[in-house]
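# Coordinate analysis (summary)
Chain residues, written in single-letter form:
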Amino acid sequence: MSEQGGRVGRVERTTRESSIVVEIDLDGTGRTEIATGVPFFDHMLTAFGQHGAFDLTVRATGDVEIEAHHTVEDTAIVLGQALGKALGDKRGIRRFGQCSIPMDETLAEAVVDVSGRPYCVHSGEPDVMIGYVVVGHDSAPYGTVLNRHVFETLASHARIALHVRVHYGRDPHHITEAEYKAVARALRAAVERDPRISGIPSTKGAL
């Protein structure tokens, strides 16, 4: 991973259910190395890194023979912690970011405030997402009901306010991918350095 800018966060977490290592460089170029044992989640995290222009390494092993839930949740915890660590005191960032992503018939939007106050609002997914499961050939499945859980967990552990809304969509794959890409692009804008700001972008003096 590049050390350019010094905004790198690395976190390891091991439980009886999973072992996770995440490293993120906020000033990267979108280079990713992702292996979670859940191929569709790997696909989403690769999109997250590339569209956020983050250099992102994720190595996770977990009890995917039961289901993907524990591995996906724990990875979101560690990704949020690594993001928060990379942000440091948040000096000189733009703080706010917003992005709408179309993917064929789908339109998803994400809005971010790197506020230090964790909050997540996730809305608009059609009911089909509750029971839909993405399954590759002989691989651990990803239930799209996990989408909200991922974003809530990421927001909580990165200590950001994150709003994700699906305006419309039909294909669960497209909806999920548009959401991940929108969150990545909104975060990219929010954590970007603002050349006009040298201090912390808050009237409180801290975020």
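A few points on the structure. Because the structure is predicted, anything quoted here is derived from the model rather than measured. (Residues numbered from 1 in each chain as written. Predicted model: local features only at pLDDT ≥ 70, side-chain atom pairs only at ≥ 80, totals over all residues. Heavy atoms only, no water.)

On the secondary structure map, Thr-144 appears in the loop between strand 9 (142–143) and helix 4 (146–158). Here Met-129 takes part through its backbone oxygen, which lies 2.7 Å from a polar atom of the side chain of Thr-144. The residues touching Thr-144, leaving out its near neighbours within four places in the chain, are Glu-125, Met-129, Tyr-132, Val-134, Pro-172 and Thr-176. (Helix = DSSP H or I, 4+ residues; strand = E, 2+ residues; numbered from the N terminus. Polar contact = N/O pair within 3.5 Å; in protein donor to acceptor, adjacent residues only side chain to side chain. Contact = heavy atoms within 4.5 Å.)

So, about the sheet that holds strand 1 (residues 8–14). Pairing is mixed in the open sheet, where four strands are placed in the order 1-2-4-3. Each edge of the open sheet carries a strand with a single partner, namely strand 1 and strand 3 (32–35). Within the sheet, the average angular offset between the axes of one strand and its neighbour, ignoring direction, is 5°. Bridging between strand 3 and strand 4 (residues 55–62) involves four bridges; their strand directions are parallel. Its bridge partner lying in strand 4, Ile-34 is registered against Val-58. (Pairing = 2+ DSSP bridges. Axes fitted to C-alpha atoms, helices over the stretch in contact; angles between N-to-C directions.)

For the coordinates displayed, the defined rule picks out four aromatic pairs. A ring pair is formed by Phe-41 and Tyr-142, whose centres lie 6.1 Å apart and whose planes are at 20°; its orientation type is stacked. In this pair, Phe-41 sits in helix 1 (residues 39–52) while Tyr-142 sits in strand 9, placing the two residues 101 residues apart along the sequence. Of the two residues, Phe-41 and Tyr-142, neither departs from the other in class, the shared state being buried. One aromatic cluster in this structure is built from Phe-40, Phe-41 and Tyr-142. (Phe/Tyr/Trp six-rings, centres within 6.5 Å; stacked < 30°, edge-to-face > 60°. Buried < 20%, exposed > 50% of the residue type's maximum accessible area, 1.4 Å probe, protein only.)

Before going further, it helps to spend a moment on helix 2 (residues 69–87). The end-to-end C-alpha distance of helix 2 is 27 Å, a good match for the 27 Å that 19 residues give at a rise of 1.5 Å each. Of the residues one or two after helix 2, Gly-88 is the one with positive phi, at around 60°. (Expected span 1.5 Å × (residues − 1).)

On to the pattern of salt bridges, then. A complete count under the given rule lists eleven salt bridges for this structure. The salt bridge involving Arg-94 is made with Glu-192; its shortest N-O contact spans 2.9 Å. Note that Arg-94 is positioned in the loop between helix 2 and strand 5 (96–103) and Glu-192 in the segment after helix 5 (172–191), a separation of 98 residues in sequence. The exposure class of Arg-94 is partly exposed, given its relative accessible area of 36%. Of the residues examined, Glu-192 reaches a relative accessible area of 40% and is grouped as partly exposed. Here Arg-95 ties to Asp-113 by a salt bridge, and the two come within 2.6 Å at their closest N and O atoms. Of this pair, Arg-95 sits in the loop between helix 2 and strand 5 while Asp-113 sits in strand 6 (residues 106–113), and the two are 18 residues apart along the sequence. Look at the salt bridges and you will find they share partners, linking Arg-7, Asp-27 and Arg-193 into a network. (Salt bridge = Lys/Arg side-chain N within 4 Å of Asp/Glu carboxyl O.)

Turning next to the layout of surface pockets. Estimated volume of the largest pocket: approximately 220 Å³. Lining the largest pocket are Arg-7, Leu-26, Asp-27, Gly-28, Gly-52, Ala-53, Phe-54, Arg-188, Ala-189, Val-191, Glu-192 and Arg-193. Broken down by element, the residue count for the lining of the largest pocket peaks at three residues, all from helix 5. Of the residues belonging to the lining of the largest pocket, the class tally is five nonpolar, two polar and five charged. (1 Å grid on protein atoms, 1.4 Å probe; cavity = no way out; pocket = protein on both sides within 12 Å on 5 of 7 lines; lining within 4 Å. Points joined across faces, edges and corners; volume = space filled by probe spheres on them. Nonpolar A, V, L, I, M, F, W, Y, C, P; charged D, E, K, R; others polar.)

With that settled, the discussion passes to helix 5. Its 20 residues place the ends of helix 5 29 Å apart at the C-alpha level, agreeing with the 28 Å of an ideal helix rising 1.5 Å per residue. Extensive coverage of helix 5 is indicated by the burial of 16 of its 20 residues. Among the residues of helix 5, the N-terminal cap falls to Asp-171, whose side-chain oxygen and the backbone nitrogen of His-173 are separated by 2.8 Å.

Quick look at the environment of His-149 now. For His-149, the location among the structural elements is in helix 4. Overall, His-149 belongs to the partly exposed group, its relative accessible area being 24%. Note: C-alpha distance between His-149 and Thr-106 (43 residues apart in sequence) is 20 Å.

Turning our eyes to something else, we now look at the state of the cysteines. Applying the stated criterion across every chain, the model contains zero disulfides. We note that Cys-99 lacks a disulfide partner, and the nearest cysteine sulfur, in Cys-120, lies 16 Å from it. On the basis of relative accessibility, which here comes to 18%, the residue Cys-120 falls in the buried class. (Disulfide = S-S within 2.5 Å.)

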